[in-house]
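Chain by chain, the residues run as shown.
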Amino acid sequence: MNTAAAFADFRTYPLISALTAVQTLADQVQVTWADGRVSPFHHQWLRDNCPCPLCVYSVTREQVLEIVDVAEDLTPSAAHLEADGCLHVDWQDGHLSRFDPGWLRAHAYDDESRAERRAAKPKSLLWKSDLQLPVFDYQALMNDNHALLQWLLAVRDIGLTQVRGVPTEPGSLKLIAQRISFIRESNFGVLFNVQSKADADSNAYTAFNLPLHSDLPTRELQPGLQFLHCLVNDAEGGESIFVDGFAIAEALRVESPESFQALCEIPVEFRNKDRHSDYRCLAPIIALDALGQVSEIRMANFLRGPFDASIDDMPKLYRAYRRFIAMTREARFRVMTRLNPGELWCFDNRRTLHARNAFDPATGARHFQGCYVDRDELLSRILVLQR
């Protein structure tokens, strides 16, 4: 039996509005806030989220209660507001629960509260050819957490950034990538060298042009962030090209809804193999999140297998695929610029498609280094820095 009803989960939430009234109904506890909002909380939900030390381990802040261990018809014997503003619930089995009003408001699931939370979620800032490229200073990012946070927010919301003043010694990229988190290793290594070579195992390691693409669409989870750091760039050509895949997808949703739907629903296989690996992934080109918003673009024509769709879907898929590729070539979406030594790109690989013009290795050396960091690590780092 719980007699203390203390908070084991001691995370704090701002007090947006105080609780002013509480009413126990047949299947829920209904509270009224100082701003007039009314929020119902079902009995099962309240018991499931009890923050006391018997239900939440205070060291890890992780839940130990499993709701199946509580009677399904459990109801409160009483509920009231305490002097400090907390909601106090006495359960019929003797358990006590106390809920901080800040936490309760942050997790209220009445229609108004849920709509408010959705509206507050970060929004992708779609861009086209007139993008004002966010540029950041290497030394500031390495030494100032506020500058670091501003950079990571730009990566999250815009999906394309540049950093200048980066040392040009090989391996320097690792230090700034690790300001976010650990680097994701692939079959190309922890850091990979982007330069022309005779025994290339990827088109990236040749001198001819690369069309717009995302890296490693052959993986179940494409890398979230990609870094490309310029060490040497004396060769003629090789300009970088970027498009906002989310902006193109949203334009396609408006201009050709059938094509948008086809790219969301019909899976395409991407393949990459060499002497030591064989990667394949079957997935739609456009992925949507739980709210129907575009969350990922998966595209690399040079890694695409033959389409395998039904007889009815095949023409739809080709119309949609041709339309999407054609849109990536439209001037209204494209940003093209040359990366200089000591500069790097950091972009959302699951959003921002990138390309490279052909270059002439006979005119000079060209050496980039790259690496990947997962999107989850970016989002985690942002939340830690915002505390």
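Residues numbered from 1 in each chain as written. Predicted model: local features only at pLDDT ≥ 70, side-chain atom pairs only at ≥ 80, totals over all residues. Heavy atoms only, no water.

Taking an unreviewed UniProt entry as the reference, the protein is identified by name as Gamma-butyrobetaine dioxygenase belonging to Pseudomonas nunensis. You can read under Sequence similarities (unreviewed entry) in the UniProt record for the protein the words "Belongs to the gamma-BBH/TMLD family." (UniProt positions renumbered as here; feature names shortened; annotations may be inferred.)

Colleague: Would you mind going over the sheet that holds strand β2 (residues 28-33) in detail, with residue names and values included?
Modeller: Whether parallel or antiparallel, the strands of a sheet pair through hydrogen bonds between backbone atoms. The strand order β1-β2-β3 describes an open sheet built from 3 strands, whose pairing is antiparallel. A single partner strand is all that each edge strand has here, and the edge strands are β1 (19-24) and β3 (38-42). Within the sheet, the average angular offset between the axes of one strand and its neighbour, ignoring direction, is 20°. In this sheet, β3 lies alongside β2 in antiparallel orientation, the contact comprising 5 bridges. Each residue of the ladder has a partner; that of Val29, found in β3, is Phe41. (Pairing = 2+ DSSP bridges. Helix = DSSP H or I, 4+ residues; strand = E, 2+ residues; numbered from the N terminus. Axes fitted to C-alpha atoms, helices over the stretch in contact; angles between N-to-C directions.)

Colleague: Please provide a residue-by-residue account of the nonpolar core, values included.
Modeller: Leu263, Ile285, Ile286, Ile297, Met299 and Phe324 are the most contacted members of the largest nonpolar core, which has 30 residues in total. Listing elements by their share of this core, those giving two or more residues are β15 (240-244), α7 (245-255), α8 (257-265), β16 (268-273), β19 (294-297), α9 (313-328) and β22 (352-356). The biggest single contributor to this core is α9, with 6 residues. When near neighbours in sequence (up to four residues on either side) are disregarded, Leu263 contacts Leu252, Pro284, Ile285, Ile286, Leu317, Ala320, Tyr321 and Phe324. (Core = buried A, V, L, I, M, F, W, Y, C linked by side-chain atoms within 4.5 Å. Buried < 20%, exposed > 50% of the residue type's maximum accessible area, 1.4 Å probe, protein only. Contact = heavy atoms within 4.5 Å.)

Colleague: Describe in detail the packing of α7 against α8, supporting the description with residues and values.
Modeller: For the pair α7 and α8, the least separation of the axes is 5 Å and the interaxial angle reads 130°. Taken together, the axis directions place α7 and α8 in an arrangement best described as oblique. Contact with α7, carried on its side by Ala249, Leu252, Arg253, Val254 and Glu255, involves Pro257, Ser259, Phe260 and Leu263 of α8 and no other residues of that element. Considering only residue class, the contact of α7 with α8 consists of 6 nonpolar, 1 polar and 2 charged. (Parallel < 35°, antiparallel > 145°, perpendicular 65-115°, else oblique. Nonpolar A, V, L, I, M, F, W, Y, C, P; charged D, E, K, R; others polar.)

Colleague: Can you tell me about the packing of aromatic side chains, naming the residues and giving the values?
Modeller: Following the criterion strictly, the structure yields 11 aromatic pairs and no others. Aromatic pair Trp45 and Tyr109: ring centres 5.4 Å apart, planes at 55°, arrangement tilted. Here Trp45, found in helix α1 (residues 43-48), pairs with Tyr109, found in the loop between α2 (101-106) and α3 (111-120); they are 64 residues apart in sequence, far enough to count as distant. By relative accessible area, which is 21% here, Trp45 ends up partly exposed. Look at Tyr109 and you get partly exposed, because its relative accessible area is 23%. (Phe/Tyr/Trp six-rings, centres within 6.5 Å; stacked < 30°, edge-to-face > 60°.)

Colleague: Describe the pairing of strand β7 (residues 87-91), listing the residues and the values that go with them.
Modeller: With respect to burial, β7 is a largely interior element, 4 of its 5 residues being buried. Of the strand pairs in this sheet, strand β6 (residues 76-81) and β7 are connected by 5 bridges, and their pairing is antiparallel. Across the sheet, the residue bridging to His80 is His88, located in β7. Between the antiparallel neighbours β6 and β7 lie 5 residues, among them Gly85 with a positive phi of about 95°. Pairing of β7 with strand β8 (residues 96-99), which is carried by 4 bridges, proceeds in the antiparallel orientation. Bridging from a neighbouring strand, Val89 pairs with Ser97 of β8. Connecting β7 to the antiparallel partner β8 that follows it, the hairpin turn spans 4 residues, and Gly94 within it adopts a positive phi of roughly 100°.

Colleague: Which residues make up empty space enclosed by the protein, and what are the values?
Modeller: Under the defined criterion, the tally for this structure stands at 1 cavity of 30 Å³ or more. In this structure, the largest cavity encloses a volume near 30 Å³. For the largest cavity, the full set of lining residues is Leu221, Gln222, Pro223, Gly224, Arg350, Asp374, Arg375 and Asp376. Among the residues forming the lining of the largest cavity, the class breakdown is 2 nonpolar, 2 polar and 4 charged. (1 Å grid on protein atoms, 1.4 Å probe; cavity = no way out; pocket = protein on both sides within 12 Å on 5 of 7 lines; lining within 4 Å. Points joined across faces, edges and corners; volume = space filled by probe spheres on them.)

Colleague: Help me get a handle on unusual backbone geometry, residues and values and all.
Modeller: Despite not being glycine, Arg61 shows a phi value in the positive range, around 65°. Relative to the elements of secondary structure, Arg61 occurs in the loop between β4 (56-57) and β5 (62-63). A relative accessible area of 32% means that Arg61 is categorised as partly exposed. If you check the backbone angles, Leu216 has positive phi at about 55° while not being a glycine.

Colleague: Account for the state of the cysteines, with residues named and values stated.
Modeller: This model, assessed by the stated rule, comprises 0 disulfides. This cysteine, Cys346, is not joined by any disulfide, and Cys371 carries the nearest cysteine sulfur, 8.3 Å off. Looking at Cys346, the relative accessible area reads 0%, which means it is buried. The exposure class of Cys371 is buried, given its relative accessible area of 0%. (Disulfide = S-S within 2.5 Å.)

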